[in-house]
Amino acid sequence: MSDRQRILIAGTGPASIQMAVLLKGRLDCCIGIVGRRSVRSEPFFAALERNDQRIRVDIQNEKHLALRGECRIDHVFQGYDSVQGQWDTVILAVTADAYTKVLEQLDAGVLRQLRCVALLSPTFGSGALIRHWMNSRHSQAETISFSTYLGDTRWADARPSSNAITTGVKRKVFIGSTRAPSRQVEQLRTLYESSGIALEVMNSPIEAEARNISLYVHPPLFMNDFTLSAVFDEASARKYVYKLFPEGPITPQLIRSMLAAWREISAIGERLHLNGVNLLKFMTDDNYPVRPESLSRHDIEQFVRLEAIHQEYLLYVRYASLLIDPYSEPDRDGKYFDFSAVPIRSIFRNKEGLWDIPRMPKEDYYRIKILQGIARRLDSACPTLDLFIATYERSLAEAALKLAGEPLSDAFALQSFEEDIERICKEIGIHQSRTPT
C-alpha cells in the first residue's frame, strides 16, 4: 500500500482512527475518512474540524507502543455520496451488514477506479458478497478479508471525538484475498508484523473469515434466554457475558450448544472445502491463553478427536479458567484481575432518540442468519443455529411488543438478509436456491 496509494476508510468509529494512524504512520499514504451524516457521527466530524483534521491514538499497554501515534487526515467526507477523487483502496470499517449499503452510495466513478476493497471486520461470506457485488458493477477489484479487527479500540473519553485508545491487541489475525500472490496482502503483513501482530495468510477471504472467534462463541453466549433477558430488560440487575451462572450465562448446557454450533459451522466449511478449526486450540493459542495447569497441551492438540462429553468438559474448564486473568499479577489480597466482568449491555436510546439494541447481539443476528442461509442451500443441517435464531427472534418480537408506541430502530425488525445470502451463495458456487424450512 505504498507508492503514495490513496486509501479511503469508510466508517467513523475508533477502529477507523487506529487504522488511519497506523497506515499514515508506517506507509506513505494519502488517507481519507468518510462516514454517513448522522447525529451519532456529528461529534466526530466536529472534532476533526476543530483539530484541523488531526487524530490521535493512545495505548493502554506499553507493549503496544507501535500502535500509538497521531496524524492529519488528508480528506474528510461527510456522507458517502460526497466522496470525490480517485481512490485505490477502500477499507470498510463498518459493520458487515452495512458493506453493500456503503458501496451503493459511492459515486460510480469512484467505484470504477478502485483496485482493492478490504473488509476490516467481516463475517463468514462477506468477501464473497463484496466480490459478487463488485463484479455486478463490472469491477475486478481485489477483495481482502481480515478475520477480525486487530484489537480493542475505543473512544478516549467515551464519546466520538478525534482521539481513541487501543486497550488490547490480538497476537494473530488471519487474512485472505481473491488474488494470489497479492502485493497488498504482503504489504499489510509487513505492516501488522511491524506492530507486533502476526498476520497469517489464508487461501481465500472466506477461509480468513472462518477464523473469527466471534463466529463460534457469540451466538451461544448471547442468543439464550438468560442473556437476552438482560439485553431487553434495561432495569434488570447487571449480568456479565463471560461469567458462570448465575452471574453470567455459562452453564454446561450453553457449552453443549457452543460445541454443537461449532460442529455445524465446521460441516458448512467442509462442504465448501475449507480447512477446519480446532476450537479449543483457536481459543487458547490465537485468542486468550490459560495456564497449562488448567488445560494441557495434549488436550488442546487432540481436541477434535475427543468424545463430545470430553470436549464439553474442556470448554467449560477453559471458561472457568478465564474468570480471572490467569497471567495477571495478584494484589495483596491474592485477587487477580476480574477478566470475565464484561457487562451484558441492555437496550438503549441511541443518538437519534430511538430504542436500539447493543452491537452484541445485533451484529450476531446478521452473522448467524448468513450462516443459516448458506447451510440451507448446502442441505447442511443446523438445528443449533436454528434454535439460536428462533430464541433471538422471539425475544426481539416480545421486546418490540413491550415497547409498542415507542420509537424503535430497524434493529427490532425481523430480517431475512436474503439478498446478501443469494449473492454469497452465487459467488461461492451454490447455484440452487432452496426454500427455507
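The coordinates are above.
In short, a report on the structure. Residue positions are given per chain, counted from 1 along the sequence in the order it is written. For this predicted model, a pLDDT threshold of at least 70 governs which residues receive local features, and a threshold of 80 or more governs which side-chain atom pairs are given and counted, while totals over whole chains, interfaces and linings are taken from all residues. Processing note: side-chain calculations cover all non-hydrogen atoms of the structure and skip hydrogens and water entirely.

Contact geometry for helix H1 (residues 14-26) and helix H6 (residues 183-194): axes closest at 11 Å, N-to-C directions at 100°. Classed by the angle they form, the pair H1 and H6 counts as roughly perpendicular. Listed contacts from H6 to Met19, Leu22, Leu23 and Arg26 of H1 are Leu191, Tyr192 and Ser194. Each residue gets one of three labels, nonpolar for Ala, Val, Leu, Ile, Met, Phe, Trp, Tyr, Cys and Pro, charged for Asp, Glu, Lys and Arg, and polar for the others, Gly among them. A breakdown of the residues in the contact of H1 with H6 according to their chemical character gives five nonpolar, one polar and one charged. Here an axis means a line fitted to C-alpha atoms, over the contact stretch when the element is a helix, while the angle between two N-to-C directions is reported on a 0 to 180 degree scale. Here a helix means four or more residues in a row that DSSP labels H or I, a strand means two or more in a row labelled E, and each is numbered from the N terminus. Angles below 35 degrees are treated as roughly parallel, those above 145 as roughly antiparallel, those between 65 and 115 as roughly perpendicular, and all remaining angles as oblique. Residues count as neighbours in contact if any of their non-hydrogen atoms are within 4.5 Å of one another.

In a beta sheet, neighbouring strands are held together by backbone hydrogen bonds and run either parallel or antiparallel to one another. Two strands qualify as a pair provided that DSSP identifies no fewer than 2 bridges between them. Across the sheet, four strands lie side by side as S4-S3-S10-S9; this open sheet has mixed pairing. Where the open sheet ends on each side, the last strands, each with one partner, are strand S4 (69-72) and strand S9 (151-155). Taken over all neighbouring pairs, the strand axes of this sheet differ in orientation by 20° on average, direction set aside. When strand S3 (residues 54-59) meets S4, the two strands line up antiparallel, connected through four bridges. Among the inter-strand pairings, valine 57 is bridged to a residue of S4, identified as glycine 69.

Another point: the side chain of threonine 284. Inspection of the secondary structure assignment puts threonine 284 in helix H11 (residues 279-285). For every residue, the accessible area (1.4 Å probe, protein chains only) is compared with the maximum for its type, and the residue is labelled buried under 20%, exposed over 50%, or partly exposed between those bounds. We classify threonine 284 as buried; its relative accessible area is 4%. At 2.9 Å, the side chain of threonine 284 forms a polar contact with the backbone oxygen of leucine 280. In the analysis that follows, any N or O atom pair within 3.5 Å is treated as a polar contact, provided that within protein one partner can donate a hydrogen and the other can accept it, and provided that, for residues neighboring in sequence, both atoms belong to side chains. A polar side-chain atom of threonine 284 sits 3.4 Å from a polar atom in the side chain of aspartate 285. Setting aside anything within four residues of it in sequence, one finds threonine 284 in contact with Arg171, Pro289, Val290, Leu295, Ile300 and Arg318.

For the rest of this paragraph, the subject is the sheet that holds strand S8 (residues 142-146). One open sheet accounts for eight strands, arranged S5-S2-S1-S6-S7-S8-S11-S12; its pairing is mixed. The open sheet has two edge strands with one neighbour each: strand S5 (75-78) and strand S12 (198-201). Taking each pair of neighbouring strands and ignoring which way they run, the sheet shows an average axis angle of 20°. Looking at chain direction, S8 and strand S11 (residues 172-177) are connected through three bridges and run antiparallel. Bridge pairing in S11 links isoleucine 144 to serine 177.

Another aspect to go through is the environment of leucine 306. Along the chain, leucine 306 falls in the loop between helix H12 (297-301) and helix H13 (308-321). Not counting residues within four places of it along the chain, the set of residues in contact with leucine 306 comprises Arg263, Asp299, Gln311 and Leu314.

A word on the pattern of salt bridges. A side-chain nitrogen of Lys or Arg and a carboxyl oxygen of Asp or Glu constitute a salt bridge if their distance falls within 4 Å. What the rule picks out here adds up to 25 salt bridges. The shortest N-O distance in the salt bridge between arginine 72 and aspartate 52 comes to 3.4 Å. Of this pair, arginine 72 sits in strand S4 while aspartate 52 sits in the loop between helix H2 (42-50) and S3, placing them 20 residues apart in sequence. The class for aspartate 52 is partly exposed, based on a relative accessible area of 46%.

It is worth spelling out a positive patch on the surface at this point. Two joining distances apply to patches: 9 Å for like charges and 5 Å for nonpolar side chains (Val, Leu, Ile, Met, Phe, Trp, Tyr), and every residue must have over 30% relative accessible area and no salt bridge. Each accessible area is a Shrake-Rupley estimate made with a 1.4 Å probe; only the visible protein chains count as cover when residues are assessed. When charges are counted, neither His nor the chain ends are considered; positive counts come from Lys and Arg and negative counts from Asp and Glu. Lysine's charge is taken at NZ, arginine's at CZ, aspartate's at CG and glutamate's at CD. There is a patch of like positive charges on the surface, built from Arg36, Arg40, Arg50, Arg159, Arg345 and Lys351. Note on placement: lysine 351 falls in the loop between strand S13 (348-349) and strand S14 (355-356).

Nine residue types can take part in a nonpolar core, namely buried Ala, Val, Leu, Ile, Met, Phe, Trp, Tyr and Cys, and a core is a set of them joined through side-chain atoms within 4.5 Å. Counting 101 residues, the largest nonpolar core has Phe124, Tyr216 and Phe232 as its most contacted members. Ranked by residues supplied to this core, first place goes to helix H10 (residues 252-271) with eight residues. Here phenylalanine 232 is in contact with Ile347, Ile357, Tyr392, Ser395, Leu396, Ala399 and Phe412, once residues within four sequence places are set aside. Ranked by size, the runner-up nonpolar core spans 42 residues in total, among them Ala20, Ala118, Ile144 and Leu199.

This next bit is on unusual backbone geometry. Omega for the bond connecting alanine 180 with proline 181 falls within 30 degrees of zero, at -5°, which places this linkage in the cis form. With an omega of 25°, the peptide bond between methionine 360 and proline 361 qualifies as cis. Note that proline 361 resides in helix H14 (residues 359-377). Unusually for a residue other than glycine, glutamine 53 sits at a positive phi of about 65°. Following the sequence through the fold, glutamine 53 ends up in the loop between H2 and S3. Positive phi is not limited to glycine here, since histidine 273 has a value of about 65°. Its place among the elements puts histidine 273 in the loop between H10 and H11. We classify histidine 273 as exposed; its relative accessible area is 73%.

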